[in-house]
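# Structural description and commentary
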Amino acid sequence: MFVIKGKQILDDRVDVCPSPAFKGRDVLIRYKGLLAKKGADRVFCHYGYDGWKNVNTMEMRREPDGSFVASIPVNGQSEINFCFKDSANNWDNNNHWNWSSDIRS
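Report follows, based on the coordinates.

Rules of the game
Residues numbered from 1 in each chain as written. Predicted model: local features only at pLDDT ≥ 70, side-chain atom pairs only at ≥ 80, totals over all residues. Heavy atoms only, no water. Helix = DSSP H or I, 4+ residues; strand = E, 2+ residues; numbered from the N terminus. Buried < 20%, exposed > 50% of the residue type's maximum accessible area, 1.4 Å probe, protein only. Contact = heavy atoms within 4.5 Å. Areas by Shrake-Rupley, 256 points an atom, 1.4 Å probe, with all protein chains shown as cover. Lys, Arg positive; Asp, Glu negative; His and termini not counted. Charge placed at Lys NZ, Arg CZ, Asp CG, Glu CD. Pairing = 2+ DSSP bridges. Core = buried A, V, L, I, M, F, W, Y, C linked by side-chain atoms within 4.5 Å. Salt bridge = Lys/Arg side-chain N within 4 Å of Asp/Glu carboxyl O.

Along the backbone of the chain there are 1 helix and 12 strands. Along the chain, helices (α) and strands (β) appear in the sequence β-β-β-β-β-α-β-β-β-β-β-β-β when read from the amino end. Expressed as lengths along the three principal axes of its C-alpha atoms, the size of the chain is roughly 35 × 25 × 25 Å. For the chain, with 105 residues in total, the buried portion stands at 43%. Relative to all contacts within the chain whose residues are 6 or more apart in sequence, the contacts with residues 24 or more apart total 58%. Summed over its atoms, the accessible surface of the chain is roughly 5,900 Å², and 48% of this surface lies on carbon and sulfur atoms. Once the 15 positive and 13 negative side-chain charges of the chain are each reduced to a mean point, those two points are 2 Å apart.

Shown next as structure tokens:
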């Protein structure tokens, strides 16, 4: 679950906690989408802020349930944008829509 533009989105592939994220704090992103289901050995969260500014990539940690998690710093003003890739450079970008979550001050 995550919140974008004030609307709560239920998506069993991605969870953002807390959502909306709080500016200046970290947000936990959990991914259990296509790359995880296809057996990726490593997954990376590719993220930016406010329309993909200040882009970074962070390796995620595999959890016992097969999901991947990362704690991402919230440095944007209005939204965090993100998608995922594996070590073979296969991407899950939500069918070119990516994912986003609101940022609250």
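Before going further, it helps to examine the pairing of strand β6 (residues 43-49). Buried residues dominate β6, accounting for 7 of its 7 residues. What you see with β6 is no split at all: V43, C45, Y47 and Y49 on one side and F44, H46 and G48 on the other are buried throughout. Here β6 pairs with strand β10 (residues 79-86) via 7 bridges, running antiparallel. Counted as the bridge partner of V43 is D86 from β10.

Once that is clear, we can look at the nonpolar core. Ranked by size, the top nonpolar core spans 24 residues in total, and within it I29, M60, I72, F82 and F84 carry the most contacts. Where this core is concerned, the elements lending two or more residues are β3 (14-17), β5 (26-31), α1 (34-37), β6, β9 (68-73), β10 and β12 (99-104). For this core, the element with the most residues is β6, which contributes 4 residues. Setting aside anything within four residues of it in sequence, one finds M60 in contact with I29, Y31, V43, F44, C45, F68, V69, A70 and F84.

Applying the stated criterion to the full structure yields 3 salt bridges. With its nearest N and O atoms 2.9 Å apart, the salt bridge here joins E59 to R42. Note that E59 is positioned in strand β7 (residues 53-59) and R42 in the loop between α1 and β6, a separation of 17 residues in sequence. Salt-bridge contacts for E63 lead to R61; the nearest nitrogen and oxygen are separated by 2.9 Å.

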